[in-house]
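If you want the building blocks of each chain, they are given just below.
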Amino acid sequence: MSRLLRVLLAACLLALVPGCGSDTRDPLVVLGPWTGEEGRAFEAVLDKLDDGTGRTYTYEGTRSLRETLVSQLEADDPPDVAVLNSMGELTEYARRGKLKPLAEASAERAYSPWSPIMLVNHLRRVYWVPLKVDLKSLVWSKRGAPSERPTWCVGLASQATSGWPGTDWIEDLVLHQAGPGLYTEWATGRLDWRDPAVERAWTSWARLLGKRSPASVERSLTTSFEGVSDPRGDPRGLLDSPGFDCTHEHQSAFIRYVYAGDDVTVEPSARYLDGQSAFRDVFEVAGDMAAVFSDDPDAQELVERLSSPAGRKLWRAEAEPAVRPLFPDSAGLSPPVSATPVEREIDSLLTTRARTLCFDASDVMPPELRDAFHRAVLEFFRDPTQRQLDSLLEQLETVRVQVNMDAGTDRTFRPPQNICD
């Protein structure tokens, strides 16, 4: 051993050299769903967060979020903070005691309907807070496209979660045709899947899409919701994809990153869904919610800083316009000067014009039921007959009953019930 190495080792043992003493702490690990430009913007926010302790952060972004987190939990090596878009999964982790109740400063930002209060061991608890949110119930179209007889672009492929663009259709139809009350009962497992209102949503979807050729059906089943990639490998959206001769797309606000030009417009979906006029200002929303998995107090501090007005302002500044985040309560944080007309329209709908917001129904459901819903949509899209629909709804009802029975054994736990606000 060299003399220099022995000196350094001795200094470390005596804690004389910063960084090698016993007080050195590992970086906090944050697991989240953002990759690409979104992931880089979020990492930039983490790099610039200063909590005064010198603590650093490591971000792990993945499209296979559930699989990654389950694997880490099984290895007893969870992240300090995880960001998930599934209330059903978060509820499952809270039930199993994997989540830590949020500190008061963060819990105050648990805006409804993204963060409902749950009853755990007879105590009212808040376990997650929305960092960024998304507005659904939107229709995109080429500027000047006739809206009287729209033809619909559909891309259902999304790796392990293929089918969710179709569940968004079904959810939006239930919400606008039957209203927030019945929608809430259905999403929270208190309504039979064979209820006429739910069945009507499926048949309405088939009617709206119209008759499709086998080649068109197969194309939609195998094409990503982002559309066909251009020669550089960048997604260009279904409206601009070869092979898709369509004028309108039902998709969430996040899809604006593939429609960065001025030739695409966005509007509320209500007028296309054969719903009631009383529900025209009702919107489905989604969100990316932060939850704490470790006992490290700095993890609580990190969530507080990320959800703070200062954290939001920093995040918005770091993100490219196409992936600029939306927030659950943007009072005092108006769209930047560089915001596009589409971005301003979405921000206005979310923060001002929407009367009622309801959380994404499939993301409320337990993972087993959500996954079965995804699969059923794919099967129905391939064969939209009444006989097929009857079979699929029977299967989904069987899954609902089973997961309710499994959850009903714990009387000290009550999952979220109010998912509309």
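Keep in mind it's a predicted model, so treat the numbers as computed, not measured.

> So what exactly am I meant to see when it comes to the side chain of Arg312 here?
Its place among the elements puts Arg312 in helix H11 (residues 309-318). Among the polar contacts listed, one links the side chain of Arg312 to the side chain of Tyr111, at a separation of 3.5 Å.

> Teacher, can you tell me more about the sheet that holds strand E5 (residues 123-125) here?
Backbone hydrogen bonds hold the strands of a sheet together, and the pairing may be parallel or antiparallel. Strand order across the open sheet formed by three strands is E5-E4-E13, with antiparallel pairing between neighbours. Two strands in the sheet have a free side with no partner beyond their single neighbour: E5 and strand E13 (413-414). Pairing between strand E4 (residues 118-120) and E13: two bridges, direction antiparallel. Within E13, the residue paired with Leu119 across the bridge is Arg414.

> How should I be thinking about the pattern of salt bridges in this particular structure?
Side chains carrying opposite charge are able to pair once their charged atoms draw close together. Taken as a whole, this structure holds 28 salt bridges when the rule is applied. A salt bridge links Lys48 to Glu318; the shortest N-O distance between them is 2.5 Å. Residue Lys48 is located in helix H2 (residues 36-48), and its partner Glu318 is located in helix H11; the two are separated by 270 residues in the primary sequence. Given a relative accessible area of 53%, Lys48 falls into the exposed group. One salt bridge connects Arg382 with Glu218, and the closest N-O pair in it is separated by 3.0 Å. Placement of Arg382 in helix H14 (residues 367-382) and of Glu218 in helix H9 (residues 214-222) is noted, with a sequence separation of 164 residues between them. One continuous salt-bridge network, built from bridges that share partners, spans Arg66, Glu89, Glu92, Arg96, Arg370 and Asp371.

> Is there a simple way to think about the packing of H9 against H14 in this case?
Between two packed helices, the angle of one axis relative to the other and the distance separating the axes together describe the packing. Taken N-terminus to C-terminus, the directions of H9 and H14 make an angle of 160°; their axes are 10 Å apart at the nearest point. Considering the angle they form, H9 stands roughly antiparallel to H14. The crossing of H9 and H14 is right-handed. Along its contact with H9, which presents Val217, Glu218, Ser220 and Leu221, the element H14 presents Leu378, Phe381 and Arg382. A per-class count over the contact of H9 with H14 returns four nonpolar, one polar and two charged.

> Would you mind showing me how to read the sheet that holds strand E7 (residues 138-142) here?
Strand order in this open sheet of four strands is E8-E9-E7-E10, and the pairing throughout is mixed. Two strands close off the open sheet at either side, each with one partner strand: strand E8 (152-153) and strand E10 (264-268). As judged from the five bridges shared by E7 and E10, these two strands associate in the antiparallel manner. Considered in E10, the bridge of Val139 is made with Glu267. Lying over the sheet, helix H12 (residues 341-353) contacts E7 and E10, oriented at roughly 10° with respect to E10.

What counts and what doesn't
- Residues numbered from 1 in each chain as written.
- Predicted model: local features only at pLDDT ≥ 70, side-chain atom pairs only at ≥ 80, totals over all residues.
- Heavy atoms only, no water.
- Helix = DSSP H or I, 4+ residues; strand = E, 2+ residues; numbered from the N terminus.
- Polar contact = N/O pair within 3.5 Å; in protein donor to acceptor, adjacent residues only side chain to side chain.
- Pairing = 2+ DSSP bridges.
- Salt bridge = Lys/Arg side-chain N within 4 Å of Asp/Glu carboxyl O.
- Buried < 20%, exposed > 50% of the residue type's maximum accessible area, 1.4 Å probe, protein only.
- Axes fitted to C-alpha atoms, helices over the stretch in contact; angles between N-to-C directions.
- Parallel < 35°, antiparallel > 145°, perpendicular 65-115°, else oblique.
- Left-handed = near helix turned anticlockwise from the far one by under 90°.
- Contact = heavy atoms within 4.5 Å.
- Nonpolar A, V, L, I, M, F, W, Y, C, P; charged D, E, K, R; others polar.

Geometric descriptors of this kind do not, in isolation, establish any biological role.
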